[in-house]
Amino acid sequence: DARELRGWVHLSGGYSSRRGGIVVSFVVRASEPFVAHGLFDGDLAIDDDATSASGPDVGAYFEMAPGTRPVIAAAISFVDVEGARKNLDAEADDLDFDRVLAEARELWEAHLQRIRVEGGTERDARIFYSALYRVLLMPTLLEDVDGRYRGLDHEVHVAEDFEYLSDLSLWDTFRTLHPLLDLVYPEHQRNVLRSLVAMAQDGGYVPRWPIGPNYTGGMVGDPAAIVFAESWAKGLRDFDLRTAYDALRLTALEAPPQGAPFRGREGIEEYVTLGYVPVEAAGGSVSRTLEYAYADFALARMAEALGEDEDAALFAERAENYVNVFDPEVGFFVGRRANGSFEALETETGWRPFYTEGNAHQYLFYAPHDLPGLAELLGGPETTLARLEALFERSTRDTMTPLLPGLYYWHGNEPDLHYAFVFSAL
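What comes next is a walk through the structure. Fair warning: this is a prediction, and the values are worked out from it, not measured in the lab. (Residues numbered from 1 in each chain as written. Predicted model: local features only at pLDDT ≥ 70, side-chain atom pairs only at ≥ 80, totals over all residues. Heavy atoms only, no water.)

**Quick look at the side chain of Gln362**
Keep this limit in mind: Segments assigned H or I by DSSP are reported as helices when at least four residues long, segments assigned E as strands when at least two residues long, and all are numbered from the N terminus. Throughout, a contact is declared for two residues whenever any of their heavy atoms are within 4.5 Å.
Tracing the backbone shows Gln362 in the loop between β12 (332-333) and α12 (371-377). Setting aside residues up to four positions removed in sequence, Gln362 forms contacts with Trp351, Gly406, Leu407, Tyr408, Trp410, Pro415, Asp416 and Tyr419.

**Some points on the environment of Glu266**
The condition is simple: Partly exposed describes any residue whose relative accessible area lies between the buried limit of under 20% and the exposed limit of over 50%, with all areas from a 1.4 Å probe on protein chains only and scaled to the type maximum. Any pair of nitrogen or oxygen atoms within 3.5 Å is treated as a polar contact; in protein, a donor-acceptor pairing is required on top of that, and neighbouring residues in sequence qualify only through side-chain atoms on both sides.
Note on placement: Glu266 falls in the loop between α8 (241-253) and α9 (268-274). You can call Glu266 buried: its relative accessible area is 14%. Measuring from C-alpha to C-alpha, the distance between Glu266 and Val227 comes to 20 Å, with 39 residues separating the pair along the chain. Polar contacts involving the side chain of Glu266 include one to the side chain of Arg208, which spans 3.4 Å. A distance of 3.1 Å separates polar atoms of two side chains, one belonging to Glu266 and the other to Arg288.

**Focus on helix α10 (residues 285-306)**
Filter applied, for reference: Helix span is expected to be 1.5 Å times the residue number reduced by one.
Helix length check: α10, at 22 residues, gives a terminal C-alpha distance of 31 Å against a target of 32 Å (1.5 Å per residue), a fit within 8%. α10 sits mainly inside the fold: 17 of its 22 residues count as buried. One or two positions beyond α10, positive phi appears at Gly307, with a value near 75°.

**Considerations on the sheet that holds strand β3 (residues 36-41)**
What counts here: Should DSSP find at least two bridges between two strands, the strands are taken to pair. Lines fitted to the C-alpha atoms define the axes, with helices restricted to the stretch that makes contact. Angles between their N-to-C directions range from 0 to 180 degrees.
Strand order in the open sheet formed by 3 strands is β4-β3-β5, and the pairing between neighbours is antiparallel. Edge strands, defined here as strands with exactly one partner in the open sheet, are β4 (46-48) and β5 (58-63). Between one strand axis and the next, the sheet turns through 25° on average, direction left out of account.

**Section: the sheet that holds strand β6 (residues 72-77)**
Strand order in this open sheet of 3 strands is β1-β2-β6, and the pairing throughout is antiparallel. Of all strands in the sheet, those bounded by a partner on one side alone are β1 (4-11) and β6. Strand-to-strand twist across the sheet, computed as the mean angle between neighbouring axes with direction ignored, equals 20°. In this structure, β1 lies alongside strand β2 (residues 22-30), joined through 8 bridges in antiparallel fashion. Bridging from a neighbouring strand, Val9 pairs with Val24 of β2.

**Some thoughts on the pattern of salt bridges**
Worth spelling out the cut-off: Definition used for salt bridges: Asp or Glu carboxyl oxygen within 4 Å of a side-chain nitrogen of Lys or Arg.
Evaluation of the coordinates by the stated rule reveals 30 salt bridges. A salt bridge links Arg301 to Glu304; the nearest nitrogen and oxygen atoms lie 3.4 Å apart. One end of the pair is Arg301 and the other is Glu304, both in helix α10 and 3 residues apart, which spans about a single turn. According to the relative accessible area criterion, Arg301 is partly exposed, its value standing at 39%. With relative accessibility at 45%, the residue Glu304 sits in the partly exposed group. When salt bridges with common partners are traced through the structure, they connect Glu4, Arg6, Arg29, Glu82, Arg85, Asp89 and Asp93 into a single cluster.

**Side note on the packing of aromatic side chains**
Which entries qualify depends on this criterion: Two aromatic rings, drawn from Phe, Tyr or Trp (for Trp, its six-membered ring), form a pair once their centres lie within 6.5 Å of each other, and the interplanar angle then sorts them: stacked below 30 degrees, edge-to-face above 60, tilted otherwise.
In total, this model carries 22 aromatic pairs according to the counting rule given. With 4.8 Å between their ring centres and 25° between their planes, Phe392 and Tyr409 make a pair best called stacked. Remark: Tyr409 occurs in the loop between α13 (381-396) and α14 (419-425) and Phe392 occurs in helix α13; sequence separation between them is 17 residues. Classification of Phe392 as partly exposed rests on a relative accessible area of 22%. With relative accessibility at 10%, the residue Tyr409 sits in the buried group.

**With respect to unusual backbone geometry**
Here Met138 and Pro139 are connected by a cis peptide whose omega angle stands at 5°. Mapped onto the fold, Pro139 is located in the loop between α3 (122-135) and β7 (140-141). The phi torsion at Met219 lies on the positive side, around 65°, for a residue other than glycine. Along the polypeptide, Met219 turns up in the loop between α6 (186-203) and α7 (223-233). With phi around 50°, Glu357 is a residue other than glycine that occupies positive phi space. Residue classification places Glu357 among the partly exposed positions, given a relative accessible area of 27%.

**Quick notes on the pairing of β2**
For β2, the tally of buried residues reaches 7 of 9 residues, placing the bulk of the element in the interior. One ladder, built from 6 bridges, connects β2 with β6; its direction is antiparallel. Among the inter-strand pairings, Arg29 is bridged to a residue of β6, identified as Ala73.

**What about the nonpolar core?**
Rule in force here: Here the nonpolar core consists of buried residues drawn from Ala, Val, Leu, Ile, Met, Phe, Trp, Tyr and Cys, with membership extended through side-chain atoms lying within 4.5 Å.
Core analysis: the biggest nonpolar cluster contains 86 residues, and Tyr164, Phe228 and Met302 have the highest contact counts within it. Residue contributions to this core peak at 11 residues, all from α10. Not counting residues up to four positions away in its chain, the partners in contact with Met302 are Ala225, Phe228, Ala229, Leu241, Ala244, Tyr245 and Leu248. Ranked by size, the runner-up nonpolar core spans 8 residues in total, among them Leu112, Leu132, Leu136 and Leu181.

**Topic: helix α11 (residues 309-318)**
To keep things clear, this is the line we draw: The arc in question is traced by the directions running from the helix axis to the C-beta atoms.
Looking at α11, one finds that the buried residues are Asp311, Ala312, Phe315 and Arg318. Buried residues in α11, looked at end-on, bunch into an arc of 130°, giving them a common side. Structural note: α11 exposes Asp309, Glu310 and Glu317 on the side pointing more than 90 degrees away from its buried face. Against the buried residues of α11 lie α8, α9 and α10.

Coordinates in, geometry out; function isn't part of it.
In structure tokens, the structure reads:
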């Protein structure tokens, strides 16, 4: 009689399965009465007129009268079925397709017109605005219309004065998405910052890659520190910097206890004592060292803003730790053992265990927070620029496909996305 289908599904994907998966509740509502309905299972065994079932491989069907043109609306919730129903009632209770379509067009137009491009061709403009549209598809709004959301402790909380977002692949996005949001969509970036603060309060740690209500520990580094510090530097400051800093500081100084939901900075004990992550401590040790040094630079800026002068000096000193994995014999950042000796590089273009998703060339200029210091390390600005120019020249002759990593500058992956800016920065 309600013309509804409701239930929930437990999703367990490659990342979400790391802490038990994600439960998504749903309500589907139709504008026309059902003239028939039933259930089926994975073997397509149909149970007509049945109204309830559960299991790993079940589904439902319903039919409307011939000749009708039903509108069917679906709503989801990461909290419960009642939340999904409230969401549907708030956004599409009248099941007016044309109204929803018009509101969606108006909303997207308002967002896309914040950037206006000139010149080029119509095709260029279509590519640009298609890309800008995709930029705004994530992160994911995780709260219901009443503000309820399921936090990283898997408990239900209420977001006040912000919209709770998740699916923040920060290692991917701190270099690209968030700098754009800071400048063009600050209201969305504000929600990101406040969501990360809420995650620290709910789960105890600022995550590196939260998906749904879960820590995943995906990728390397401590990118949230850079996201917070950059937003603060660009004037976006209406978030709880103290709570964010205290949680990030803890991660930067010590490993989480055994069994904690977040792994923190892998190899942090060795990084604190040696000034680098040795190859024995963690995979991707060079990448981790470079990422931690950059994050420490960000923490130094956050400490300065909070008047924590001793911390600011500590983290500013640690921001120079990238030099500790530079092997002057080969002129690249190379894995280093705990005894101080360097690993053999063997190949400049191949992926080695001490890099994360990259090679020696793709990590060569990874000190974006201290390019003058990096240039000095590489033999001076002229030498550095010459190596950078040679890298891009080689890249024009490099064959790249979605399944074949670039050997030199590789625009399809994270570590070297800032390389083009190094020219003007130096």
